[in-house]
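These are the residues of each chain, in order.
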Amino acid sequence: KLRGGRPKAMQFGADTLTRIIAVTSGKGGVGKSTMTANLGVALAASGLRVGILDADVFGFSIPGLLGIEGVKPTQVGEMILPPVAHDVKVISIGMFVDAHTAVSWRGPMLHRTIQQFLTDVFFGDLDILLLDLPPGTGDVAITIGQLLPHAEVLVVTTPQRAAADVAERSALVARQTGQRVIGVVENMAGLVQPDGSVLELFGSGGGTDAAARLSTPDETVDVLAAIPISVALREGGDVGMPVVLAHPDDPAALAITALAARL
Ligand code: ADP
């Protein structure tokens, strides 16, 4: 049960040694949660202490992607111990609501919940905390911007030009709160055919487009990775066994592992 009461000291404040990376996208369905889950697992497999905070209130999917759907955190006094999946500590809004209830919280309630995740959830010392944000420019993005202005932002988009448009807007909101955009991930970047040719199902150029538009005279934003369309990646998500562990040689898994090493 979530607590009312007095606010306590927040973990991951300005003096934190934990790197905080908010994964964002302009719209849903571009693979943001899939990227967050796989990146988290890949980073943990490289020996880092990793946490994921799933703040995608309207579409929380991290527990399912990591195979811990239905698992509840343990509560010790006022402290919440996050479940661990594939060596990643995970907390999700989905763990606090009924599976079949739509979350239709308004801004202040969302703000309090995120704030509480950052105070009451005992992550211990982490090297990296990944945040899975809802798509777009809503209340959660603003809350995270206010509470964690030192977070870095990773933008996920598809190769479609229209997707780059909305991706740009979501990143600009983050930047307004002082967060730094560290790069763009182009997901669903082509499907390798049996004959080796690549079918650009969602077009091309969206990642480069978004990166160019997000670059400023002082700060170049790069496309850090292009992740191909992959059946194994999708299946891994469906069964809660991330492709980076299940099929490390899959082209999408290789691309995500390389991305994790670049961060
Ligand atoms: P978002 O978090 O942006 O809404 P999801 O991570 O839920 O997106 O992904 C949307 C759907 O697309 C999921 O069914 C996921 O398995 C699938 N998907 C994501 N990336 C890929 C990819 N590279 N290849 C194949 N399917 C993908």
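Rules used throughout
Residues numbered from 1 in each chain as written. Predicted model: local features only at pLDDT ≥ 70, side-chain atom pairs only at ≥ 80, totals over all residues. Helix = DSSP H or I, 4+ residues; strand = E, 2+ residues; numbered from the N terminus. Rg over C-alpha atoms; globule rule 2.2 N^0.38 Å. Buried ≥ 20, exposed ≤ 12 C-beta atoms within 10 Å, placed from the backbone. Contact = placed C-beta atoms within 7 Å. Core = buried A, V, L, I, M, F, W, Y, C linked by C-beta atoms within 7 Å. Axes fitted to C-alpha atoms, helices over the stretch in contact; angles between N-to-C directions. Parallel < 35°, antiparallel > 145°, perpendicular 65-115°, else oblique. Left-handed = near helix turned anticlockwise from the far one by under 90°. Near = placed C-beta within 6 Å. Nonpolar A, V, L, I, M, F, W, Y, C, P; charged D, E, K, R; others polar. UniProt positions renumbered as here; feature names shortened; annotations may be inferred. Arc of directions from axis to C-beta.

## Here's the deal with the overall build of the protein chain
Consideration 1: The helix and strand tally for the protein chain stands at nine helices and twelve strands.
Consideration 2: The C-alpha atoms of the protein chain give a radius of gyration of 18 Å, which matches the 18 Å a tight globule of 263 residues would have.
Consideration 3: For the protein chain, the spread of C-alpha atoms along the three principal axes comes to 60 × 40 × 35 Å.
Consideration 4: The proportion of buried residues among the 263 residues of the protein chain is 46%.
Consideration 5: Here the analysis covers contacts within the protein chain between residues at least 6 apart in sequence; of these, 77% occur between residues at least 24 apart.

## Remarks on the nonpolar core
Consideration 1: In this structure, Ala22, Val23, Ala55, Leu131, Ile144, Val155 and Ile256 are the most contacted members of the largest nonpolar core, which totals 76 residues.
Consideration 2: Counting residues per element, this core draws most heavily on helix H1 (residues 32-45), at seven residues.
Consideration 3: Those residues in contact with alanine 55 that lie beyond four places of it in its chain are Ile93, Ile114, Leu131, Asp132, Leu133, Pro134, Val140 and Ile144.

## A few points about unusual backbone geometry
Consideration 1: Of note in the backbone geometry, histidine 86 takes a positive phi value of approximately 50° without being a glycine.
Consideration 2: Tracing the backbone through its elements, the reader meets histidine 86 in the loop between strand E5 (84-85) and strand E6 (88-92).
Consideration 3: By C-beta crowding, histidine 86 is classed as buried, having 21 other C-beta atoms within 10 Å.
Consideration 4: One non-glycine residue, methionine 188, lies in the positive phi region at around 65°.
Consideration 5: Note that methionine 188 resides in the loop between strand E9 (180-187) and strand E10 (191-192).
Consideration 6: Since 27 C-beta atoms lie within 10 Å of it, methionine 188 is described here as buried.

## Topic: the packing of helix H3 (residues 107-120) against helix H4 (residues 139-147)
Consideration 1: Two numbers describe how H3 lies on H4: the axes approach to 9 Å, and their chain directions differ by 45°. By the angle between their axes, H3 is oblique relative to H4. H3 and H4 meet at a crossing whose hand is right-handed. Only Asp139, Val140, Thr143, Ile144 and Leu147 of H4 make contact with H3, whose side of the interface consists of Gly107, Leu110, His111, Ile114, Gln115 and Leu118.

## Re the site of the ligand
Consideration 1: In the vicinity of the ligand there are 19 residues, among which Gly31, Lys32, Ser33, Thr34 and Arg234 approach most closely.
Consideration 2: For the shell around the ligand, the secondary-structure elements that each account for two or more residues are H1 and helix H7 (231-239).
Consideration 3: In the shell around the ligand, the residues fall into six nonpolar, eleven polar and two charged.

## Quick word on the UniProt feature "binding site: ATP" (unreviewed entry) in the protein chain
Consideration 1: In the numbering used here, UniProt assigns the feature "binding site: ATP" (unreviewed entry) to Gly26, Lys27, Gly28, Gly29, Val30, Gly31, Lys32 and Ser33.
Consideration 2: Structurally, lysine 27 is set in the loop between strand E1 (19-25) and H1.
Consideration 3: Tracing the backbone through its elements, the reader meets glycine 31 in the loop between E1 and H1.
Consideration 4: Owing to 23 C-beta atoms within 10 Å, glycine 31 belongs among the buried residues under this scheme.

## Observations regarding H7
Consideration 1: Listing the buried residues of H7 in full gives Leu233, Gly236 and Gly237. Projected down its long axis, H7 shows its buried positions confined to an angular sector of 100°, all on one face. Of the residues in H7, the exposed ones pointing more than 90 degrees away from the buried face are Val231, Asp238 and Val239.
Consideration 2: If you follow the buried residues of H7, they end up packed against H1, helix H2 (62-65), helix H8 (243-246) and helix H9 (251-262).
Consideration 3: Positive phi shows up at glycine 240, right after H7, with a value of about 75°.

## Observations regarding the packing of helix H5 (residues 161-176) against helix H6 (residues 206-214)
Consideration 1: Where H5 contacts H6, the axes come no closer than 8 Å and their chain directions differ by 35°. For the crossing formed where H5 meets H6, the hand is right-handed. Of the residues in H6, those in contact with Arg161, Ala163, Ala164, Ala167, Glu168 and Ala171 of H5 are Gly206, Asp209, Ala210, Arg213 and Leu214.
Consideration 2: When grouped by side-chain class, the residues that make up the contact of H5 with H6 number six nonpolar, one polar and four charged.

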